[in-house]
Amino acid sequence: MKIPQAGEELDAYCTRCKLDLNHRVVAMVGDITKRVNCLTCHSEHNFRKPKGASVATTKKKTKKKTVRETAADKLRAEWASETEGHPDDAFAGYSMDSVFSEGDLILHKKFGKGHVQEVTAEGKVQVLFEEGVKRLAQGT
Ligand SMILES: [Zn+2]
């Protein structure tokens, strides 16, 4: 690894800006960067390694998981509100030859009760089932 020299710029954590920023090396002690000058706020302080990578990665992971769970919960709630309170004969048995339109209720052999969200293209329909959104073929 290259050893920085006094006067060179490098990434460091700024104790005043509380951010990873470009700093200029002010003093070296042996191979160790000792003091740096922040190019943003121009304060001189002891060198600290940039905090960046590890913190950001952890945050991202947590966030992603939460979002996915919330979306699934939301879909399930939507499915329940669309299918609840309808008698069984309000659900049309699904077959590839049937033609459905937006708002129709479907009974699928494998996925159970579903609500047609959208006719996405000719012969294609997007249906919300308890386990999630499925795209099915339909007649034209
Ligand atoms: Zn600073």
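See above for the structure.
Computed from a predicted model, the values in this text were never measured in an experiment.

What follows is about the packing of aromatic side chains. The relation between two aromatic rings is expressed through the spacing of the ring centres and the mutual angle of the planes. One pass over the full model with this rule turns up 2 aromatic pairs. Ring geometry for Tyr 94 versus Phe 100: centroids 6.1 Å apart, planes at 20°, classification stacked. Taken as a pair, Tyr 94 and Phe 100 share a single burial class, namely buried. Stacked on the ring of Tyr 13, the Lys or Arg Lys 51 has its end atom at 4.5 Å from the ring centre.

Moving on, we get to the nonpolar core. By size, the foremost hydrophobic cluster in this structure holds 9 residues: Tyr 94, Phe 100, Ile 106, Phe 111, Val 116, Val 125, Val 127, Phe 129 and Leu 136. Take this core: its biggest share by element is 3 residues, from strand 8 (residues 124-129). In this view, Ile 106 contacts Phe 91, Ala 92, Tyr 94, Phe 100, Gly 112, Lys 113, Gly 114, Val 116 and Val 127; residues no more than four positions away in its chain are not counted.

Parameters at a glance
Residues numbered from 1 in each chain as written. Predicted model: local features only at pLDDT ≥ 70, side-chain atom pairs only at ≥ 80, totals over all residues. Heavy atoms only, no water. Phe/Tyr/Trp six-rings, centres within 6.5 Å; stacked < 30°, edge-to-face > 60°. Buried < 20%, exposed > 50% of the residue type's maximum accessible area, 1.4 Å probe, protein only. Lys NZ or Arg CZ within 6 Å of the ring centre and 35° of its normal. Core = buried A, V, L, I, M, F, W, Y, C linked by side-chain atoms within 4.5 Å. Helix = DSSP H or I, 4+ residues; strand = E, 2+ residues; numbered from the N terminus. Contact = heavy atoms within 4.5 Å.

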